[in-house]
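An overview of the molecular structure
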Amino acid sequence: MEPKEKYEQLIEEQSQKLKRELDNYRVMIKSTEILSMSKNDLRKYISNILENQKVLLLLFPQLTSSLQIIKFFWENNAIEIEQVTIALNNLLTDETVKDCLANKEKYQLQVKKLELEIKELDEKSLTAKASFILKANITDEEKISILKELAYESCKNATIKEKQKNIDEQKKELKEIETLFPEETTVKVNQEELNKLKEEYLKIKDSIENIISKYYYLINGKDEKYINYNREMARTIKAQESQNNLNLSTLGIDEFQYKDISMTVLILDMLETKQELELQLNNPNITLEDISDYLNMLKEDYDKALSLDAILTKENPDEEKTTNEIYFLLDESNSPLFDIDKFSKEEKKRSLSLVEKFEKGVHDHEKGKKHTKLQSRRNLFDIYVNKSSNMCVSYIRAKDNKVLILTFAHLNDIYDDSNSIAQNYSSLIENTLKNIENNNNFFLEQQQEFTEQFKVMVAVKGDEHK
């Protein structure tokens, strides 16, 4: 299946999933509205409950007995008796009902969030597309292929249009000149020379795509206003540099922002030039000179990006920090918030591999890369996600760059599972981080005991899957 077809299929599946979630939250809100009506008019209150009992039973099937009692006495015009009062009380004091009533505002926020996500998917916004693909349960190769197409589409802005305009104008002028000399014929492109240029491009193609992928977060989800700001700022900086009076403070930016701006523009330029070069390599009317110009521009931008990458990598403090102290988020019974036995043999191996990478001080997270960090305004902690194939681990960096593992899950579940843990176990996380910081002896003994258990659990023998 072609990347575009795969992407469209995944988008449709995700859209349907979001719509199902939206319907579910709307049912929850409808249920809270039904149950939280005023009981001053008891007859009206019970009538409304019975009229909407199908909605209530979708969420609360355990209320069947209470609703049957209420319905029986309603039909016999005896709602004032004690059995009805008890049934209503049982209904409203049910733990799941109480939880639903207490979370009405949360459900309303979820509805707005899901409506926005569905709208973004329907409108095919770049932010929604890139974010969704990065979370999708597909191979890394498929993700890269799809993201390339998205990146190409997003970068068809003023610069590429200007380049194309100049080329079109040059072609127009050439055509006008050719009409003055009709006896001359167009010289065909030398195929051997063209093949040499193609080979030259293919040699550096993978390296260029690697650095574009590394810094794609700089343009991922950014609107045209942001892109234009970076281009204009880069021009201003370049102008100051040429006059030997570069002063970043007068521009309201610092040294790191300056490097980020420069890399942003380089990534955009490489994407645009690369796209145009690949189009022209298959254009029968292009000249070798044009192809060579595009290739040289691409190589020049790539060389600049490599130099800047070396500086940014050296200055990135995250790269210098290592740790061999790994902790797990455990509940009161010293149990984790994940079930390792539900994973297959291969998935267990990948889970162990992710832990071993932490022990070696290896983190996949790169500074600023949004797709390795959970994006939620409600979370009190910075939560990161590392992955090995489709197996993921979510974690928090504690003091001194120690690692607190929250959970393991498949790629399509890790974000929801981790957000749920962050919301429902915030006190447990906070206390665990304090114990890590204070080197609590009892806590450390529990962690050592569980770590040994974990390594036994993931050391599966045989080929059978759980």
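Scroll up to find the structure this text is about.
Every value quoted in this text rests on a predicted model; they were computed, and no experiment measured them. (Residues numbered from 1 in each chain as written. Predicted model: local features only at pLDDT ≥ 70, side-chain atom pairs only at ≥ 80, totals over all residues. Heavy atoms only, no water.)

**What about the overall build of the protein?**
Along the backbone of the protein there are 20 helices and 4 strands. In the protein, buried positions account for 40% of the 466 residues. For the protein, long-range pairs separated by at least 24 residues make up 71% of all intrachain contacts whose partners lie at least 6 apart in sequence. Split by element, the accessible area of the protein, about 27,100 Å² in all, is 48% carbon and sulfur. (Helix = DSSP H or I, 4+ residues; strand = E, 2+ residues; numbered from the N terminus. Buried < 20%, exposed > 50% of the residue type's maximum accessible area, 1.4 Å probe, protein only. Contact = heavy atoms within 4.5 Å. Areas by Shrake-Rupley, 256 points an atom, 1.4 Å probe, with all protein chains shown as cover.)

**Thoughts on unusual backbone geometry**
Of note in the backbone geometry, N334 takes a positive phi value of approximately 65° without being a glycine. Secondary-structure assignment places N334 in the loop between β1 (326–328) and α17 (345–359). If you check the backbone angles, N439 has positive phi at about 55° while not being a glycine. If you trace the backbone, N439 turns up in the loop between α19 (426–438) and α20 (441–458).

**Observations concerning the pattern of salt bridges**
In this structure the tally under the stated criterion is 14 salt bridges. Put simply, R231 and E272 hold a salt bridge, and the shortest N to O gap is 2.7 Å. Of this pair, R231 sits in helix α12 (residues 224–242) while E272 sits in helix α14 (residues 255–280); the two residues are 41 residues apart in sequence, bridging distant segments of the chain. Taken as a pair, R231 and E272 share a single burial class, namely buried. Between K304 and E300 there is a salt bridge, with the nearest N and O atoms lying 3.5 Å from each other. Of this pair, K304 and E300 both sit in helix α15 (residues 288–315), 4 residues apart, which is roughly one turn of the helix. On the basis of relative accessible area, E300 is assigned to the partly exposed category, the value being 44%. (Salt bridge = Lys/Arg side-chain N within 4 Å of Asp/Glu carboxyl O.)

**Observations regarding the sheet that holds strand β2 (residues 383–388)**
The 4 strands are arranged β1-β4-β3-β2 in an open sheet whose pairing can be described as mixed. Looking at strand neighbours, the two that pair on one side only are β1 and β2, the edges of this open sheet. Here the strands of the sheet are splayed against their neighbours by 40° on average, with no regard to which way each runs. As defined by bridge partners, strand β3 (residues 391–397) adjoins strand β4 (residues 403–410) across 7 bridges and the pair is classed as antiparallel. Note that in β4 the partner of R397 across the bridge is V403. Contacts between α17 and the sheet are confined to β1, β2, β3 and β4, with β3 contributing the most and set at about 30° to the helix. (Pairing = 2+ DSSP bridges. Axes fitted to C-alpha atoms, helices over the stretch in contact; angles between N-to-C directions.)

**Comments concerning the environment of N439**
N439 gets classed as partly exposed once you look at its relative accessible area, which sits at 39%. In this view, N439 contacts K402 and L444; residues no more than four positions away in its chain are not counted.

**Some thoughts on α17**
Between its first and last C-alpha atoms α17 spans 21 Å; for 15 residues at 1.5 Å apiece the expected length is 21 Å, and the two agree. Residues of α17 that are buried include every one of K345, K348, S351, L354, V355 and F358, and no others. (Expected span 1.5 Å × (residues − 1).)

**Focus on helix α4 (residues 64–75)**
Relative to the 16 Å expected for 12 residues at 1.5 Å per residue, α4 spans 16 Å between its end C-alpha atoms, a close match to the ideal helical length. Of the residues making up α4, those classed as buried are S66, L67, I70 and F73. The arc that holds every buried residue of α4, seen down its axis, measures 135°, which confines them to one face. Among the exposed residues of α4, those oriented more than 90 degrees off its buried face are Q68 and E75. Taken together, the buried residues of α4 touch α2 (42–51), α3 (53–59) and α5 (82–93). The positive-phi residue at the C-terminal boundary of α4 is N77, with phi of around 55°. (Arc of directions from axis to C-beta.)

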